[in-house]
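# Residue-level structural notes
What follows is the residue order along each chain.
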Amino acid sequence: MASRYAEVYARWQADPEAFWEEAARAVEWMAPPARIFHADAGVHGRWFPDATLNACFNLLDRHVRDGRGQQVAIIHDSPLQGFSKCLTYAEVLHEVETLAAVFVAHGVTKGDRVLLYMPMVPEALIGMYACARIGAIHSVVFGGFAAKELATRIDDAAPKMVLAASCGLEPNRVIAYKPLLDAAIALATHKPDAVLVLQRLQLEASLVEGRDLDWAHEVAAAKREGRVAGCVEMQATDPLYILYTSGTTGVPKGVVRDTGGYLVALAWSMRGLYDIAPGEVFWTASDVGWVVGHSYIVYAPLLIGATTLVYEGKPIGTPDAGAFWRVCAEHKVVSLFTAPTALRAIKKDDPGGVHFEKHNTSPLRALFLAGERADANTVDWARDTYGLPIIDHWWQTETGWAIAGNPVGLGMLPIKPGSPTVPMPGFALEALDDAGNPVPPGTMGSLVIKLPMPPGCLPTLWKNDARMRDSYLTAFPGSYNTSDSGAIDADGYVFILGRTDDIINCAGHRLSTGGMEEVLAGHPDVAECAVIGMKDAIKGEAPCGFLVLKAGVMRDHGAIEAEAVSMIRDAIGPVASFKLAIAVDRLPKTRSGKILRGTMKKIADHDAYAMPATIEDPATLDTIAAALRGRGL
Ligand code: COA
Ligand code: AMP
């Protein structure tokens, strides 16, 4: 089938408002949008400024009303617990309206923030839907973050209530979440009124008198008393959630997502990009703590009446490299969305695809990849081994859905190796030089999105319009700066090179090297430091910290390096995957004192590099190379 992409993209270009007005019909509104886009509202315009709706109604109530009550809405597959279970739309709705009543009983109302620190269990989704139902703004913090990171987010979002599980499960250990949360609340200036604790069988948490509530008891009481909460009418522009993501400093950015535009964009993407029909099973193997999880585990599948899958396991080791294919076969998954890291890990353990052959994955039509660069080796290997289209797509926490992808629902375009294909309707993408002029096709530049950004993209950062402007809108006036560099070729295909800022991507997780440096600088023996992302065969990139010790420090360097590693684990969390700190005599710098992290990275990656013209002392580069060689790198 010839792709309709060119025609659809041209239709959007010709009349963006008409395009999104039509797309908005996939959503059920309380007050339908009379005005589609208001350019002068907010920081950079607002979508559907006069419309009202409720997100939870669109995900649950309307499908139950329309006869999907007995269809499975959520599959929970947990190899870490050894079971899977299914919840129907009717069951999820009942859990959600009841939990929402518990929130209301504890004083949570429209506009209040609710923070979630939860593993991959259905209750995480139920908690998020319950927030949406009553207009509370949820903010989910990934379980791999440590207490200090959690505290920063608690202070920024100022939640009235926190939802937490007693523990999370990793293959070799049970992670006690509650002590981390208690430590975070102790560190934070803002104190939530209540903490609703989901006690899991693997580890019971102790509850703080007067603050902590037992999830199961609260819900059981509400059920006994028949208490439920209805859907609150929200402005399309009201925040649905805040999701924190790494910035270039240790202070994370609170990406705000609005309600109406987000649902419209997600609904369009499920048809146009992913080609998923109501009733089908769409599995996103990510975590509810990331944007990919928010959009394509929590919201989009139920929005269109499909089934979502909550997977509490890993691509390998739970129990083997066939885990993904076992899940696909068992639950008749039609499309799997994961990070390239997961495929690289599977490829390492099962290069011949023996595990894949063992399972009947015939309903599976495509494998989508995002979150980090999909290297051509892995993509080619997966295509040949699995005989499936491997579809790379590029997006960010800020955009909420794909900036560029291969629109399977409009008819797939030919795949070019190394390219996430073409911009989605709504995204006017350009590659610019430093002066802000478009570069010729195929030439590297800064990738920017000409304003307005489409529905679904962040209207602002939480309580920080100024940081929104400074971070994204000032470098290239009239455009949103993605902070990714890349090229657009003569056919309109996009190629992503990497970040232009100090953010690295480790196992599809976005990490701030600046944030890690702030932590390392706090070590009493460290005079200065630099963190870079080194190539990693499985995780894409992994952080490596170089430490210059204070003059006169006589302690064993190995001990200081080990302390540095545990400082990052304690302050940021295991998610940082920070395993390598190396003490060096000096760091390479420019004459004006700027650390040459880019050149250090090239040395670490064994890539060719040109001697920076402004380097203060070229010999410092040899110091770095020698230090890495000393570690066998
Ligand atoms: N709660 C607590 N700790 C967590 C966690 C969670 N939800 N998720 C991960 N961690 C821990 C891990 O146990 C690991 O700890 P360790 O240093 O003690 O081994 C650390 O955080 C790093 O996690 P991660 O980088 O995800 O590696 P991993 O060892 O868990 O798994 C692979 C790595 C190889 C299995 C990888 O292929 C993978 O699938 N990673 C996740 C990719 C992903 O879903 N990205 C989301 C973006 S779309
Ligand atoms: P996050 O906000 O955590 O989703 O991370 C967004 C960043 O991940 C982007 O700015 C890119 O640098 C990187 N990224 C995401 N998807 C891709 C992709 N398909 N190809 C290359 N880089 C990607």
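## Comments concerning the environment of threonine 620
Tracing the sequence through the fold places threonine 620 in helix H19 (residues 619–630). Residue threonine 620 is classed as buried on the basis of its relative accessible area of 3%. Leaving out residues up to four positions away in the same chain, threonine 620 has contacts with Arg586, Leu587, Pro588 and Ile615.

## Quick look at the packing of aromatic side chains
As enumerated under the stated definition, the model contains 36 aromatic pairs in all. A network of ring pairs unites the aromatic residues Phe19, Trp20, Trp29, Phe37, Trp47, Phe48, Trp268, Trp401 and Phe427 as a single cluster. The lysine or arginine in question, arginine 153, covers the ring of phenylalanine 145, its NZ or CZ lying 4.5 Å from the ring centre. Its guanidinium or amino end placed over the ring of tyrosine 493, lysine 416 lies 4.6 Å from that ring's centre, counting from NZ or CZ.

## A short note on the nonpolar core
In this structure, Trp20 and Tyr129 are the most contacted members of the largest nonpolar core, which totals 126 residues. When neighbours within four sequence positions are excluded, tyrosine 129 is seen to be in contact with Cys56, Leu59, Leu60, Ile74, Val92, Val96, Ile297, Val298 and Leu302. Counting residues in each nonpolar core, the second largest holds 42 residues, with Trp290, Leu520, Val531 and Ala576 among its members.

## Thoughts on the site of ligand 2
Within the structure, ligand 2 sits among 15 residues, and His393, Thr397, Asp484, Arg499 and Arg510 are positioned closest to it. Contacts to ligand 2 include glycine 371, whose backbone N or O atom sits 3.1 Å from a nitrogen atom. When the free accessible area of ligand 2 is taken as 500 Å², the share hidden by the protein chains comes to 93%. Along the lines of polarity and charge, the residues of the shell around ligand 2 split into four nonpolar, five polar and six charged.

## A few points about the sheet that holds strand S18 (residues 333–338)
The mixed open sheet is built from seven strands, whose spatial order is S5-S4-S17-S16-S18-S19-S20. The sheet is open, and its two edges are formed by strand S5 (83–88) and strand S20 (390–392), each paired on a single side. Neighbour-to-neighbour, the strand axes of this sheet turn through a mean angle of 20°, independent of strand direction. Together, strand S4 (72–78), S5 and strand S17 (307–311) form the strand contacts of helix H5 (residues 122–134), whose direction differs from that of S4 by roughly 145°.

## Some remarks on the domain arrangement of the protein
By a frequent convention, interface size equals the accessible area lost on bringing the separate parts together. Looking at the assigned domains, one finds that the protein contains domain 1 (5–246 + 254–313 + 393–486) and domain 2 (507–629). When each unit is reduced to the centre of its C-alpha atoms, the spacing between domain 1 and domain 2 is 34 Å. Facing 13 residues of domain 1, the contacting portion of domain 2 comprises eleven residues. In this structure, the connection of domain 1 to domain 2 is made through one salt bridge. We note a salt bridge from arginine 510 to glutamate 398, for which the minimum N-O separation is 2.9 Å. The interface formed by domain 1 and domain 2 contains five residue pairs in polar contact (both at pLDDT 80 or more).

## Regarding the site of ligand 1
In the vicinity of ligand 1 there are 27 residues, among which Glu170, Lys314, Lys539, Arg569 and Lys579 approach most closely. At a separation of 3.4 Å, a nitrogen atom of ligand 1 approaches a polar backbone atom of glycine 143. Within the backbone of glycine 144, a nitrogen or oxygen atom sits 3.4 Å from a nitrogen atom of ligand 1. The fraction of the free accessible surface of ligand 1 (930 Å²) that becomes covered by protein chains is 84%. The set of elements that each furnish at least two residues to the shell around ligand 1 consists of strand S10 (173–176) and helix H12 (340–349). With three residues, H12 is the largest single contributor of residues to the shell around ligand 1. Residue classes in the shell around ligand 1 are distributed as 14 nonpolar, seven polar and six charged. Viewed by domain, the shell around ligand 1 spans two of them, domain 1 (5–246 + 254–313 + 393–486) and domain 2 (507–629), each represented by three or more residues.

## Describing the side chain of serine 479
Positionally, serine 479 belongs in strand S25 (residues 479–488). When sequence neighbours within four positions are dropped, the list of residues in contact with serine 479 reads Val448, Ile449, Lys450, Leu451, Tyr472 and Leu473.

## Overview of the side chain of asparagine 54
Tracing the backbone through its elements, the reader meets asparagine 54 in the loop between strand S3 (52–53) and helix H3 (55–68). Residue classification places asparagine 54 among the buried residues on the basis of a relative accessible area of 1%. In this structure the side chain of asparagine 54 is engaged in a polar contact, spanning 3.1 Å, whose partner is the backbone oxygen of alanine 132. From its side chain, asparagine 54 meets the backbone oxygen of valine 232 in a polar contact 2.8 Å long. Once residues within four sequence positions are removed from consideration, asparagine 54 is found in contact with Met30, Ala132, Arg133, Cys231, Val232 and Met234.

## A few points about the sheet that holds S25
Strand order in the open sheet made by the four strands is S23-S24-S25-S26, with antiparallel pairing throughout. Whereas interior strands pair on both sides, the edge strands pair on one side only; in this sheet they are strand S23 (429–432) and strand S26 (494–499). Strand-to-strand twist of the sheet, defined as the mean angle between neighbouring strand axes without regard to direction, takes the value 50°. When S25 meets S26, the two strands line up antiparallel, connected through five bridges. Bridging across to S26, serine 485 finds its partner in glycine 498.

Scoring rules and cut-offs
- Residues numbered from 1 in each chain as written.
- Chains lettered and ligands numbered in written order.
- Predicted model: local features only at pLDDT ≥ 70, side-chain atom pairs only at ≥ 80, totals over all residues.
- Heavy atoms only, no water.
- Helix = DSSP H or I, 4+ residues; strand = E, 2+ residues; numbered from the N terminus.
- Buried < 20%, exposed > 50% of the residue type's maximum accessible area, 1.4 Å probe, protein only.
- Contact = heavy atoms within 4.5 Å.
- Phe/Tyr/Trp six-rings, centres within 6.5 Å; stacked < 30°, edge-to-face > 60°.
- Lys NZ or Arg CZ within 6 Å of the ring centre and 35° of its normal.
- Core = buried A, V, L, I, M, F, W, Y, C linked by side-chain atoms within 4.5 Å.
- Near = heavy atom within 4 Å.
- Polar contact = N/O pair within 3.5 Å; in protein donor to acceptor, adjacent residues only side chain to side chain.
- Areas by Shrake-Rupley, 256 points an atom, 1.4 Å probe, with all protein chains shown as cover.
- Nonpolar A, V, L, I, M, F, W, Y, C, P; charged D, E, K, R; others polar.
- Pairing = 2+ DSSP bridges.
- Axes fitted to C-alpha atoms, helices over the stretch in contact; angles between N-to-C directions.
- Domains from an automatic or database assignment.
- Salt bridge = Lys/Arg side-chain N within 4 Å of Asp/Glu carboxyl O.

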